[in-house]
Amino acid sequence: MNVPERAYARVDTALKGYLRILPAGRLTSLFACTQTGTSPQLSEAAQSALPDGLAPYLRAMNEKLDAILSILTQQTLQEDFPVPVLIHDISGAGIKFSADLELEPGQGAEVVIALSNQPQSLAGAIGIILRSEEHLGERVWAMEFKDMRDCEREKIIQFVVAKQREHLLERHLAPSS
């Protein structure tokens, strides 16, 4: 039997996600790519020119604004993507998720995945439902990504690599029996 080689690594996870079913034949994205991760940083020279205490104050304000934006984004997501999902496994090619919804193989859907909360990191993709499986007594749906911006796929790949690194570190630091 010839087994196709995977192009992307896959990791088990438990991430929140949001889904919307797409009308038949329409693969139009509603979610817009957001750049996350790095806040603007002041150079050492610029920080030294600030009055004492101002740099920590500005960092704290930035964190509070990030939290407010996260709450507002969450409300918008729940309106635009009404089906909450739990993502059980993720790769740059697709996901496996559970949802309180009956889906059909071949059905189009758009998903937004909450990769982290603080700072908030979201990735969105349009995909096709491939199949359903039984996993630990729960129905899990497999979705293949069909349309995804490069910045979205890169966020997912970075998440997968970080999780793999964590697992390797845990195994390396675990005491041998």
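Residues numbered from 1 in each chain as written. Predicted model: local features only at pLDDT ≥ 70, side-chain atom pairs only at ≥ 80, totals over all residues. Heavy atoms only, no water.

Caption draft 1: Focus on the side chain of R20. Relative to the helices and strands, R20 is located in strand β1 (residues 10-21). Reaching out from R20, the side chain makes a polar contact with the side chain of E110 at a distance of 2.8 Å. (Helix = DSSP H or I, 4+ residues; strand = E, 2+ residues; numbered from the N terminus. Polar contact = N/O pair within 3.5 Å; in protein donor to acceptor, adjacent residues only side chain to side chain.)

Caption draft 2: Quick look at helix α3 (residues 150-173). Here α3 contains 24 residues, and its C-alpha end-to-end distance of 34 Å stays within 8% of the 34 Å for a straight helix at 1.5 Å per residue. E152, R153, K155, I156, F159 and V160 are the residues of α3 that are buried. Contacts made by the buried residues of α3 are with β1, β2 (83-91), β4 (108-116), β5 (121-135) and β6 (138-147). (Expected span 1.5 Å × (residues − 1). Buried < 20%, exposed > 50% of the residue type's maximum accessible area, 1.4 Å probe, protein only. Contact = heavy atoms within 4.5 Å.)

Caption draft 3: Expanded view of the pattern of salt bridges. Under the defined criterion, the tally for this structure stands at eight salt bridges. Across the pair E133 and K96 runs a salt bridge whose closest N-O atoms are separated by 3.4 Å. In this pair, E133 sits in strand β5 while K96 sits in strand β3 (residues 94-99), placing the two residues 37 residues apart along the sequence. Salt bridges here are not isolated pairs; linked through shared partners, they connect K96, R131 and E133. (Salt bridge = Lys/Arg side-chain N within 4 Å of Asp/Glu carboxyl O.)

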